[in-house]
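# A structural walkthrough
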Amino acid sequence: MEGMHIVPDVPVPLAPAVPPTPPIPLSALLAREDLALRRIAGPAGPDTAIHWAHTSEMADPYPYLLGGELLLTAGVHVTPADATGAYFDTYVSRVAAAGGAAIGFGLAPVHDTVPPALVAACEAHGLPLLEVPPQTTFSGVARAVWQLMAQARLAELRRVTEAQQRLAAAASRPDPVPSVLRQLAQRLSGWGVLYGPDGTEIASAGRAPHETARQALAHLTDVVRPAPTTMASPGTTVRTPPPCPTTPPGAAVRTPSPSATTPQGTTGRTASPTPTTPPGTTGRTHPPSATTPPGTTVRAPSPSPTTPPGTTVRAPSPSPATPPGTTGRTPSPSPATPPGTTGRTPPPSPPAPVGRPIAAAVPVAARPVPSSATDTVAGSHLAAYALGAGQGFVLGVASPHREPGDHTIASVAAVLLSLLTGEHRSGTGAARSSALVRVLLGAPPEEVAPLLGTGRWVVVHARPDTQAADAVAASALGAALGSALVDLTDGVVRVLLPAEREPGPQPGWALGVSTAVGPGDWTTADAQAARALARARATRTALVGHGTRPGLADLLPRDEADAHAQALLAPLGATPALTETLRTWLSLHGSWDRTAVALSVHRNTVRQRIARCAALLGTDLDDPDVRMELWFALRRA
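Structure report, in brief. Numbers given to residues run from 1 along each chain, matching the order in which its sequence is written. Residue-level local features of this predicted model are given only where pLDDT is at least 70; pairs of side-chain atoms are given and counted only at 80 or more, and the full residue set underlies all totals for whole chains, interfaces and linings. Values reported for side chains reflect all heavy atoms of the structure, with hydrogen atoms and water molecules removed beforehand.

## Comments concerning the overall build of the protein chain
- By definition, any uninterrupted DSSP run of H or I lasting at least four residues is a helix, any uninterrupted run of E lasting at least two residues is a strand, and each is numbered from the N terminus. Of the regular secondary structure elements, the protein chain holds 16 helices and 19 strands.
- Residue pairs at least 24 apart in sequence account for 71% of intrachain contacts in the protein chain once pairs closer than 6 positions are excluded.
- Within the structure as shown, the protein chain displays about 32300 Å² of accessible surface, and the carbon and sulfur contribution to it stands at 58%. Whether two residues touch is decided by their heavy atoms; if any such pair falls within 4.5 Å, the residues are in contact. Here the accessible surface of atoms and residues is derived via Shrake-Rupley with a 1.4 Å probe, and residues count as covered only by protein chains that are part of the display.

## Points about the packing of helix α13 (residues 576-587) against helix α14 (residues 592-599)
- For the pair α13 and α14, the least separation of the axes is 9 Å and the interaxial angle reads 130°. Here α14 runs oblique to α13, going by the angle between their axes. Between α13 and α14 lies a crossing whose hand is right-handed. When α13 is examined against α14, the residues Glu580, Thr581, Thr584 and Trp585 are found in contact with a partner set consisting of Trp592, Thr595, Ala598 and Leu599.
- Charged means Asp, Glu, Lys or Arg here, nonpolar means Ala, Val, Leu, Ile, Met, Phe, Trp, Tyr, Cys or Pro, and polar covers whatever is left, Gly included. Considered class by class, the residues forming the contact of α13 with α14 number 4 nonpolar, 3 polar and 1 charged. Here, axes are lines fitted to C-alpha atoms. For helices the fit covers the stretch in contact, and angles between N-to-C directions go from 0 to 180 degrees. Each angle receives one of four descriptions, namely roughly parallel if under 35 degrees, roughly antiparallel if over 145, roughly perpendicular if within 65 to 115, and oblique otherwise. Each crossing is labelled by how the near helix is turned from the far one, with a counterclockwise turn of less than a right angle marking it left-handed and a clockwise turn marking it right-handed.

## Regarding the pattern of salt bridges
- Note on definitions: salt bridges are taken to be side-chain nitrogens of Lys or Arg within 4 Å of carboxyl oxygens of Asp or Glu. One pass over the full model with this rule turns up 14 salt bridges.
- With its nearest N and O atoms 3.5 Å apart, the salt bridge here joins Glu580 to Arg583. Here Arg583 and Glu580 lie together in helix α13, a separation of 3 residues that amounts to about one turn.
- Partly exposed residues are those whose accessible area sits between 20% and 50% of the maximum for their type, while under 20% is buried and over 50% is exposed, using a 1.4 Å probe and protein chains only. For Glu580, a relative accessible area of 31% corresponds to the partly exposed category.
- The exposure class assigned to Arg583 is buried, which follows from its relative accessible area of 10%.
- For Arg603, the salt bridge is made with Asp593, and the minimal N-O distance between the two is 2.6 Å. Residue Arg603 is found in helix α15 (residues 603-617), and its partner Asp593 is found in helix α14; the two are separated by 10 residues along the sequence.
- It is possible to trace a salt-bridge network through shared partners that takes in Glu162, Arg166 and Arg187.

## Focus on the sheet that holds strand β18 (residues 509-513)
- Strand order in the open sheet formed by 5 strands is β16-β17-β15-β18-β19, and the pairing between neighbours is mixed. Whereas interior strands pair on both sides, the edge strands pair on one side only; in this sheet they are β16 (486-489) and β19 (543-545). Between one strand axis and the next, the sheet turns through 20° on average, direction left out of account.
- With 6 bridges connecting them, strand β15 (residues 457-464) and strand β17 (residues 492-498) associate as antiparallel partners. What sits directly across from Trp457, in β17, is Pro498. The pairing criterion is simple: DSSP has to find at least two bridges between the two strands.

## Some points on the pairing of β15
- Here β15 lies mainly inside the structure; 7 of its 8 residues are buried.
- Pairing geometry for β15 and β18, over 5 bridges, is antiparallel. Bridge assignment links Arg463 to a residue of β18, and that residue is Ala510.

## A look at the sheet that holds strand β7 (residues 129-132)
- A sheet is described by the order of its strands in space; here 5 strands give the open sequence β2-β7-β6-β5-β4, paired in mixed fashion. The sheet is open, and its two edges are formed by β2 (38-41) and β4 (52-55), each paired on a single side. Taken pair by pair, the neighbouring strands of this sheet meet at an average axis angle of 30°, ignoring direction.
- Sitting on the sheet, helix α4 (residues 138-171) touches β4, β5 (69-73), β6 (102-106) and β7, and the angle it makes with β4 is about 165°.

## Here we look at the packing of helix α12 (residues 558-569) against helix α16 (residues 624-636)
- Where α12 contacts α16, the two axes come as close as 8 Å, and the packing angle between them is 115°. Looking at the two axes, α12 sits roughly perpendicular to α16. Crossing angle aside, the handedness with which α12 passes α16 is left-handed. Within the contact between the two elements, α12 uses Arg558, Ala561, Asp562, His564, Ala565, Leu568 and Leu569 and α16 uses Glu629, Leu630, Phe632, Ala633, Leu634 and Arg636.

## Re helix α3 (residues 116-125)
- Among all positions in α3, only Ala117, Leu118, Ala121 and Cys122 are buried. All buried residues of α3 fall inside an arc of 135° around its axis, so they share one side. Structural note: α3 exposes Pro116 and Ala124 on the side pointing more than 90 degrees away from its buried face.
- Its buried side turned inward, α3 meets β2, α2 (85-97), β6 and β7.
- At the exit of α3 stands Gly126, carrying a positive phi of roughly 65°. Within this analysis, the arc is defined by the directions that extend from the helix axis to the C-beta atoms.

This is the structure we're talking about:
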């Protein structure tokens, strides 16, 4: 029968699991000259992958195989009476059913040649047959397989590690999203694309695949994109998504992504039908709501007019609460199930709407979605990854071939893109971005501050006690203090913190904290925090706050005090380093060593600067009255 067909709902045996080892191509094993193996039957293509070597002389090795093995045998189990075509046909069929990758038949001491009936059976079942010469031991073959696997694992780890480093570097570029996609496309020798929540292509890089594969990839993103939970009002028609019109014959959407060790040709199958699945249905889409009222028809997708022959339409799986009598994917017939109820999809009817109007308002549950999905269309290996930001962004990948490590590399790119897209979509990140733009365009701090929060602020300067600060350490410090407003400049971490979040000492850090000020005094607070940090480092104190106690200087008019300070320090005005050195030296009671530590200079440099200050000011810095007056002026400056 031509056209779309429904696969009968019969128990489908699960594909045998393979060991978690990196597969190696059979051709690599045949290339080992020390083994002298020879292929004498079976396909000679490059798709055969070996996951391990196993020796067995059982007449039926099926129960002892995991799948993907090179089965080694010397034919001990074969008696002269059993050496017939029927015996070997049964033997090879059982090995193939267990998922065996190939058979290696050892010559001597039992058989001088490979039985012709075994060669014919392997040709008939498409199973590669290798001749193992007498000088090659089975343990030597197994050791060679292990060595090739170790080499493959090492090459895979090196490739993944290098890709992780390049992707992380790309994420730090000024155009992070396009850079990550370009690097991903280069590493996978394919095409990378970022889809927005509405399914549009936001950015892409690499060589785009055939239009058929491109459309199939766009359709594959719907599998991993989260669907919102909505309320279906009375009269609403519930529809399931139609199949992709460009899906080739026999193609099925696969939800589990293959691991890095999935052999070439192994597909991520959808879950096989359960024993309670009624005849006439196959596969699954999203399940109906548990609250679907009796009589509601939950229909499978209507075929597209362009659906090619051989396409299998997957019907929705039942909810545990789906009542008997509901058509579509129904549970096993119960005594209450009317005779003749089937789970078949309706015939093609493109003009008619799919589904039946709901008689009452019911919640339409969001279907559970996988984090990734894979498919192969038009010779392109397709993969879709849902980004973790939860905003509907999806990473799509199309490559002409699939290699071990591709899934890991694409997953790293998905994590980086999740962080990048999540930053732009979050309210806090948008507010920070808006504040930055306004400052750059000349807005005063008083206008920008409400975007970041209300109230007063403190500025924190910090340096680690041992190693230099980096971006990761700065971010961690900001998180510990409770603020994302972090800046790293010249080894000093600056944090803008709401005043109600009182900063505390942080292990391994020296902190200087300003007084609480309004947005108009942020510059003053920044200078206060810098001086407090210098004092904290000089005194080896975990946290030093800028003093807030009133002094005699507060009794004088501000204008007169400022004018006196400017006049007194005018000789030092052309050299800011001298002013800062004098301030730090006076605050540390004239200690040369602690001043050198606070300013990160040599103690002789401090001596030279203080001597220069004394010469420019024309005064004796050992006089307590002079020091007091200079301190008064420096506090006002």
